[in-house]
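Inside the fold
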Amino acid sequence: MSDKVELPNAHPSPEEPARMYANHNASARQQQRVQNHVRNNDAYAFFNLLTSEQLLDKVESLLPAHRERLFPPTETLSMFLAQALSADRSCQKAVDEAAVKRLAAGLPQCSTHTGAYCRARERLPMDMVSTLTCYTGRWITAQAPEPWHWRGRPVRLVDGTTVVLPDTPANQAAYPQPRSQKPGLGFPLCRMVGILCLGSGAVLNAAIGRYHGKGGDEQSLLRSVLGTLERGELLVGDAYYATYFLLCALYERGIDAVFEQQGSRQRTTDFRLGQRLGQRDHLIVLEKPVIKPDWMSWAHYEQAPQSVTVRELRAGGKTLVTTFLCPKQTDKAAVKSLYQSRWHVELDLRNIKTTLGMERLSCQTPAMAIKEIWVYLLAYNLIRLMMAQAALVAHRLPRQLSFKHTVQMWFAWTQHDPGAEHEDKLYGLFVLIAQQRVGDRPGRIEPRAVKQRPKPYPMLTKPRAIMREYVREHGHPKKLK
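Here, residues in each chain are numbered from 1, in the same order as that chain's written sequence. Reporting in this predicted model follows two pLDDT cut-offs: at least 70 for local features of residues, and 80 or more for side-chain atom pairs to be given and counted; totals over whole chains, interfaces and linings ignore these cut-offs and use all residues. As a rule here, side-chain values come from all non-hydrogen atoms in the structure, and water together with hydrogens is ignored.

**Observations regarding the overall build of the protein chain**
Scanning the protein chain for helices and strands turns up 18 helices and 9 strands. Expressed as a percentage of contacts within the protein chain between residues at least 6 apart in sequence, the contacts between residues at least 24 apart total 66%. As presented, the protein chain carries roughly 25,400 Å² of accessible surface, and 52% of it is formed by carbon and sulfur atoms. In this text, helices come from DSSP runs of H or I with a minimum length of four residues, and strands from runs of E with a minimum of two, each type numbered from the N-terminal end. Residue contacts follow a heavy-atom distance rule, with two residues in contact if any of their heavy atoms lie within 4.5 Å. Using the Shrake-Rupley algorithm and a 1.4 Å probe, accessible areas are obtained, with residue cover drawn only from the displayed protein chains.

**As for the confidence of the model for the protein chain**
Averaged over every residue, the pLDDT of the protein chain is 82; the share at 70 or more is 83%. Across the protein chain, element-level confidence peaks in strand S4 (residues 234–237) with a mean pLDDT of 96 and bottoms out in helix H1 (residues 24–35) with 46. Each residue gets a pLDDT score, which is the predictor's confidence in that residue and runs from 0 to 100. For residues 1–24, every residue scores under 50 in pLDDT, and the model assigns this stretch 47 contacts once sequence neighbours within four places are set aside. With pLDDT under 50 throughout, residues 29–47 is counted as low confidence; its partners more than four residues away or in other chains account for 55 contacts.

**What to know about the pattern of salt bridges**
Counted as salt bridges are all cases of a side-chain nitrogen of Lys or Arg within 4 Å of a carboxyl oxygen of Asp or Glu. Applying the stated criterion across every chain, the model contains 13 salt bridges. For Asp348, the salt bridge goes to Arg384, with nearest N and O atoms at 2.9 Å. With a gap of 36 residues between them, Asp348 in helix H14 (residues 343–355) and Arg384 in helix H15 (residues 366–394) connect regions that are remote in the sequence. Here Arg384 falls in the buried class, since its relative accessible area comes to 3%. Here Glu469 ties to Arg472 by a salt bridge, and the two come within 2.6 Å at their closest N and O atoms. Of this pair, Glu469 and Arg472 both sit in helix H18 (residues 464–474), separated by 3 residues, roughly a single helical turn. A residue is classified by how much of its surface remains accessible, and Glu469, at 42% relative accessible area, is partly exposed. Within this structure, Arg138, Arg156, Glu230 and Glu233 form a network of salt bridges that share partners. Whether a residue is buried, partly exposed or exposed follows from its accessible area with a 1.4 Å probe, protein chains only, as a fraction of its type maximum: under 20%, in between, or over 50%, in that order.

**Some remarks on helix H5 (residues 91–104)**
Given a helix with a known number of residues, its expected span is that number minus one, times 1.5 Å. For H5, built from 14 residues, the straight-helix expectation of 20 Å at 1.5 Å per residue is met to within 8% by its first-to-last C-alpha distance of 20 Å. Those residues of H5 that sit buried are Cys91, Ala94, Val95, Ala98, Ala99 and Arg102. Each buried residue of H5 sits inside an arc of 135° when the element is viewed along its axis, so together they form one side. When the buried face of H5 is taken as reference, the exposed residues oriented beyond 90 degrees from it are Val100, Leu103 and Ala104. Here the buried face of H5 lies against helix H4 (73–85) and helix H6 (115–123). Throughout, the arc means the angular range of directions from the helix axis out to the C-beta atoms.

**Section: the packing of aromatic side chains**
Remark: the centre distance and the inter-plane angle together describe each pair of aromatic rings, the angle taken between the planes. Geometry of aromatic contacts follows a simple scheme: Phe, Tyr and Trp rings, the Trp one being its six-membered ring, pair when their centres are within 6.5 Å, and the pair is stacked under 30 degrees between planes, edge-to-face over 60, tilted otherwise. Tallying each qualifying case throughout the model produces 8 aromatic pairs. Look at Trp150 and Phe324: their rings are 5.8 Å apart centre to centre, the planes differ by 45°, and that puts the pair in the tilted class. Of this pair, Trp150 sits in the loop between helix H7 (126–142) and strand S1 (155–164) while Phe324 sits in the loop between strand S9 (318–322) and helix H13 (332–340), placing them 174 residues apart in sequence. Here the two residues Trp150 and Phe324 agree in accessibility, since each one is buried. Judged by centre distance (6.2 Å) and plane angle (55°), the ring pair of Phe245 and Tyr301 falls under tilted. Placement of the pair is Phe245 in helix H10 (residues 244–253) and Tyr301 in helix H12 (residues 298–303), with a sequence separation of 56 residues. Like Phe245, the residue Tyr301 is buried in the burial classification.

Now the structure itself:
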């Protein structure tokens, strides 16, 4: 994305107001044009973020052609965002809240039936949500302060995860359940690979595909969004990404990388080979694979270099592969420290899936489910935007602030005064957000186990429709066979 953007000034001075235009009348007219889309509707607090002066141009350019309705695109998107962050994510709750807000504001009453809102969500363009997500992510990170980078260079983290969809025939057809599960007993799964900023934690782009099958692996999904990375940036990822052709693609784009070595390659790594740089640290030349990958065309395969030189080193109990070839410029300790920062992407995905609730989607069709994922990512970036502003106010790093605390403060803020836009109040909100900081616990180890057991219900071993008929005829069985 080529737009040159700047972080919003969290507390601009009276002498230098944070305006998009020098002519305040032009800014006011543009603000009014977008506000007309939500006339006679009580916009949620997320709409205030999306229509701030910094994002106003982008929101307006993405608005689709539409006629005046009860739920125009801006209102629909704002409700969708609030719905995704709510513990009760039902459309009924979203519509009920809209009806109550209209009633409290003295506006004409509206129906509490969900049909109009559901149709409005379907009309909401997918490109509008995904483009806003990528734009806000790049906007937060484009001109981040120097301390947010690693040795003056932006670091990008990549990782994949899976998301569970509702068990509907349409979702099963588009995103089938794992083949290890019996038909009718599993849930549809989709895979998502995201590129995130280490400094701010914002999502820069994401690719979504099937859990298994051609084009559903993390490598294929990353290749589809590789253009998100810019020359001079660094990419850090786990062992899924240390492949020959990805390293060649990064070399071609001027992007350095640090990955964990793949398992099979890690077991056969011999540090006695190649050019020795130090203890368990060497340069080695990788030859182009003889067999062309299925995803690659013959033209691209023939254009790929015949060999590529990489550096392998052993640090922190892992074998790492990197394009930092000079040990004097980037020693082993620096590479180890950089790779350890990869763990932040695991925490970011946990924040998106667990804290925000994206682990299990609620939309019943594939198109709406993917749109729901992008809404979650947009909501996540808006929370990261507030954390970036709070970090600037407190002269801290965004990674030192608590994501969950920011979400809790946001909920408290919207419930107390959702329409407040006074600068002094926002400044106070950022101060409160920056008060809770994340503890620094290097080398922390926790068992992947839970102490509290779930309720002792048996596992469903037959499709639900079959078991429902069985219960009608024979009653509930003591054991499911």
